[in-house]
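The lines below spell out each chain.
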Amino acid sequence: MRLVIVGAGFAGMYAALSAARLRDIQGVSPEELEIALVSPEPTLVVRPRLYEPRPETLTAPLLDVLNAIDVVYVQGSAETVDTKSRTVQIVTAKGARKTLPYDRLVVATGSRLFRPNVPGLAEHGFSVDQLEDAIALDRHLHSLADRPASKARDTVVVAGGGFTGIEAATEIPTRLRAILGKDAKPRVIIVDRNSAIAPDMGAGPRPVIEDALRKCGVETRLGAGVASLDKSGVTLSDGEHIEAATVIWAAGIRAAPLTAQIPAERDNFGRLLVDRDLRVPSAAGVFATGDAARAASDDIGNYALMSCQHATRMGAFAGNNAAAELLGVPTKPYHQKAYVTCLDLGEAGALFTRGWDRKVEMVGEQAKKTKQEINTVWIYPPRAERAAALASADPERVTDL
């Protein structure tokens, strides 16, 4: 029997850990149940941190962990999924193709930044979505030191006033002063079509966020979007032109394209609709997890968000349940009633909320310490020691806040 997991993000990593854990509990050998993880590199990109400087350091190796739990690593990109023949076609970095049959498949391919057809965006826009994007932005920011001081050089426009946009925007002043000198006066502007900043956070935390933006010197342009980009900067939908050498696009994400090959219903974000076991009902033998799945997290109408916090726990349930089907043992319905948000606010600290109503629990430096612990400890892979790695993947305990 073979269980194939596509993707080495947070959901894919925990799917592998959890499936291996159940296999171990059931006393089944790796030869009887092979667990294979497919990804271009055996590396976890710590995506929630890509708004920080030195993004090339924000990865964690996975090969030793996978070896410790007897998970086979298959290097390459999953190009085609055939749910009828139960095969995945994989393309290596050198262009070679190979077909990997599966008995159960876990789609953990994550998400990608949504880039609309805005004139000039492809040529002049940056992002902090994928590792290569964040590295390109970091190099660009450092290249600004070679330019003469000007209004455009010192101005950064961030398109999108959600979590990613706020974290990127509030970090930029510190990053630019480190590059241009402590006396530099960077100008950072968040542009968002909504009438309020951080629309998903609700009214409770918003005053904290607005105060933090003021402390960091971040301006906002609300009720307007980016109409076009060119070398000189951006033009907004209300006609305003902002001179800026740097534009960061942070306006929305969609499930990765591979999900489109699964014959199933999807939501507006391209996520596969799954049942409580994270099974894709219309595709036999297929599970979806993390940003690739729209899953109910409780019985009162809340659905998992496209976040690291949800992906880790969803991954653990998906891996466990895919293995459980093959081993003939009961599955565990996914549930995640606890939900917290920890939003980095740059020099102004951070904001920590709890619950779907986002009750503020911590702000400022206290919340910043929690954010740093989350970013540097909690979300990293377990150590490459078999017992500890398997113990970390109990679905009922992963991200149990």
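As shown above, the structure is provided for reference.
Now for a quick tour of the structure. Predicted model only: the values in this text are computed from it and were never measured.

Here is what the cut-offs are and how they apply
- Residues numbered from 1 in each chain as written.
- Predicted model: local features only at pLDDT ≥ 70, side-chain atom pairs only at ≥ 80, totals over all residues.
- Heavy atoms only, no water.
- Helix = DSSP H or I, 4+ residues; strand = E, 2+ residues; numbered from the N terminus.
- Contact = heavy atoms within 4.5 Å.
- Expected span 1.5 Å × (residues − 1).
- Buried < 20%, exposed > 50% of the residue type's maximum accessible area, 1.4 Å probe, protein only.
- Pairing = 2+ DSSP bridges.
- Axes fitted to C-alpha atoms, helices over the stretch in contact; angles between N-to-C directions.
- Bend = angle between axes of the 7 residues up to and from the residue.
- Left-handed = near helix turned anticlockwise from the far one by under 90°.
- Nonpolar A, V, L, I, M, F, W, Y, C, P; charged D, E, K, R; others polar.

### As for the environment of Gly319
Relative to the helices and strands, Gly319 is located in helix 7 (residues 308–327). Linking Gly319 and Ala11, residues 308 residues apart in sequence, is a C-alpha distance of 9.0 Å. Those residues in contact with Gly319 that lie beyond four places of it in its chain are Leu3, Ala15, Ser18 and Ala19.

### Quick look at helix 4 (residues 131–143)
When the terminal C-alpha atoms of helix 4 are compared, their 18 Å separation across 13 residues agrees well with the 18 Å that a helix rising 1.5 Å per residue should span. Considered for burial, the residues of helix 4 that qualify are Leu131, Asp133, Ala134, Ile135, Leu137, Asp138, His140 and Leu141.

### What to know about the sheet that holds strand 23 (residues 340–344)
Ordered by their spatial adjacency, three strands build an open sheet running 23-24-25, and the pairing between neighbours is antiparallel. Since the sheet does not close on itself, it has two edges, and those belong to strand 23 and strand 25 (359–363), each with one partner. For this sheet, the mean inter-axis angle between neighbouring strands, taken without regard to orientation, is 20 degrees. Pairing analysis gives four bridges linking strand 24 (residues 350–354) to strand 25, with the strands arranged antiparallel.

### Points about helix 5 (residues 163–180)
Helix length check: helix 5 (18 residues) gives 26 Å between terminal C-alpha atoms against 26 Å at 1.5 Å per residue, within 8%. Ile172 marks the point of greatest bend in helix 5, at about 35 degrees, and the proline Pro173 comes within the next four residues. Listed as buried for helix 5 are Gly165, Ile166, Glu167, Ala168, Ala169, Thr170, Glu171, Ile172, Pro173, Arg175, Leu176 and Ile179. One or two steps after helix 5, the chain reaches Gly181, where phi turns positive at roughly 115 degrees.

### As for the packing of helix 1 (residues 10–25) against helix 7
Packed helices, taken two at a time, are described by the angle their axes make and the gap between the axes. Axis separation between helix 1 and helix 7 bottoms out at 7 Å; the angle between their running directions is 35 degrees. The hand of the helix 1/helix 7 crossing is right-handed. Here Phe10, Ala11, Tyr14, Ala15, Ser18, Ala19, Arg21, Leu22 and Arg23 of helix 1 come into contact with helix 7, specifically with Cys308, Ala311, Thr312, Gly315, Ala316, Gly319, Asn320, Ala323, Ala324 and Leu327. Looking at the contact of helix 1 with helix 7 residue by residue, the classes come out as twelve nonpolar, five polar and two charged.

### So, unusual backbone geometry
One non-glycine residue, Arg86, lies in positive phi territory at about 55 degrees. Residue Arg86 is classed as partly exposed on the basis of its relative accessible area of 25%. In the Ramachandran plot, Leu278 falls in the positive-phi region, its phi being about 70 degrees despite a non-glycine side chain. In this structure, Leu278 sits in the loop between strand 20 (272–273) and strand 21 (286–288). On the basis of relative accessibility, which here comes to 0%, the residue Leu278 falls in the buried class.

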